[in-house]
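Below are the chains, spelled out letter by letter.
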Amino acid sequence: MSAAAADRARYDRATAHLEAPVAIVDLGAFDDNARDLVTRAGGKPIRVASKSVRCRALLERVLAQDGFAGIMSFTLPESLWLAREGFDDVLLAYPSTDRDGFATLTSDPKPAEAVTVMVDDLSQLDLIDSVRAGTEEVRVCLELDTSLRMLGGRVRVGALRSPLREPEQLAELARAIDRRPGFRLVGLMAYEGHVAGVGDAVPGSPLRSRAVRLMQSVARRELAARRAAVVRAVRAVADLEFVNGGGTGSVQHTAAEDAVTEIAAGSGLYQPRLFDNYTSFHGRPAALFAQPVVRRPGVGVVTVLGGGYPASGAPGRDRLPVPYLPEGLVYDSMEGPGEVQTPLLGTAADDLLIGDKVWFRHAKAGELCERFDTLRLIEGDRVVADAPTYRGEGRTFL
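How each quantity is defined
Residues numbered from 1 in each chain as written. Predicted model: local features only at pLDDT ≥ 70, side-chain atom pairs only at ≥ 80, totals over all residues. Heavy atoms only, no water. Salt bridge = Lys/Arg side-chain N within 4 Å of Asp/Glu carboxyl O. Helix = DSSP H or I, 4+ residues; strand = E, 2+ residues; numbered from the N terminus. Domains from an automatic or database assignment. Contact = heavy atoms within 4.5 Å. Buried area = accessible area lost by both parts, 1.4 Å probe. Polar contact = N/O pair within 3.5 Å; in protein donor to acceptor, adjacent residues only side chain to side chain. Nonpolar A, V, L, I, M, F, W, Y, C, P; charged D, E, K, R; others polar.

Draft legend 1. Just the pattern of salt bridges, in detail. Throughout the structure, instances matching the rule amount to 34 salt bridges. The salt bridge involving Asp-381 is made with Arg-13; its shortest N-O contact spans 3.2 Å. With a gap of 368 residues between them, Asp-381 in the loop between β18 (374-379) and β19 (382-388) and Arg-13 in helix α1 (residues 3-14) connect regions that are remote in the sequence. Three or more residues are tied together by salt bridges with common partners; here these are Asp-145, Arg-149, Arg-156, Arg-165, Glu-166, Glu-222 and Arg-226.

Structure (structure tokens):
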């Protein structure tokens, strides 16, 4: 029996008493992936990206392991909730305009001590000051634009995030924060998504793969030099507690930079399909969902209920979940994954009966948790716990 077939048998046994659709996390794979991230980080702590996990029990589990420290959150309400739940180091990775949230942050000592907010513009500080409800000092972090620019800026590769790019720009904002009562600059963040979030082994496209590897090699060198210069410039103004960088796909490269003190990662814990195509690491799929077989339209075809769970980002086939177990099933090109039904083709279909489960992998990590209230946590061939997702806890943070 192949390893994939053995996994399918385990998952089927573990969830035999559960109706599909059902979502699981294989704790063995989850922990293996966590250890791989720690190894690649080379001794630097990993801050867990909560948007990629979206389950409080699993955040607690990974943070209890050596090598992990702190959370990188995605909204201010989420950050405040995590602080109230006992997480004492929460970095909000995106600027916020949540006025009620900032009123709470400036009036409550507990979240004010635990939460650091992201800024890249003085007007964001103005907004916070306009809604202050107390005298608590606000911890802030600056974000550096990591994009690679070539040909005099005519070619740009990287996410459209911070407007702050050069050392003097960040130092200038750092000086403005230093002069401003009620704020304290404690951190610097730089997320190189064009390296950390883009696979360099594109299936069936060797030329594109080589182009991606060349781009990423150039981008890493350019960013390492510029990030070091930025850190020197900002440290001349403020005593930074941390310099955060990286992402699942670039952990070992970013950790090698002396200027970086901690690494951000989260998707690698679940290993969704978008992270399969890297030459530098290979994780174990840990988060899956199952749909039930409800029809057998003909030879080599089964139909499962629903399953059309596309991920965010630019629309494309890479944003779709993929049938995973049993191996060998593919979408019908005329239908794809549907809201109410999904036909699947392949010889493996002939061995599936009505009521059997087909296991899928989501394209992106935490977004699967927006579809399910509960993750069934599996060890071996048993469900050992039911863990509510953010949605299952009644929390909607987007």
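Draft legend 2. Fine view of the domain arrangement of the chain. The domain architecture assigned to the chain consists of domain 1 (3-21 + 286-389) and domain 2 (27-266). With centres defined by C-alpha atoms, the gap from domain 1 to domain 2 works out at 33 Å. With 14 residues of domain 1 at the interface, the matching set in domain 2 holds 14 residues. When the two sides are added together, the surface that domain 1 and domain 2 hide from each other amounts to roughly 890 Å², 65% of it contributed by carbon and sulfur. Counting across the domain 1 and domain 2 interface gives one salt bridge. Between Arg-54 and Glu-370 there is a salt bridge, with its nearest N and O atoms 3.1 Å apart. Between the two partners, domain 1 and domain 2, sit three residue pairs in polar contact (both at pLDDT 80 or more). Among the elements that line the side of domain 1 that touches domain 2, the one with the most residues is β18, at four residues. Tallied by class, the residues present in the side of domain 1 that touches domain 2 amount to nine nonpolar, two polar and three charged.

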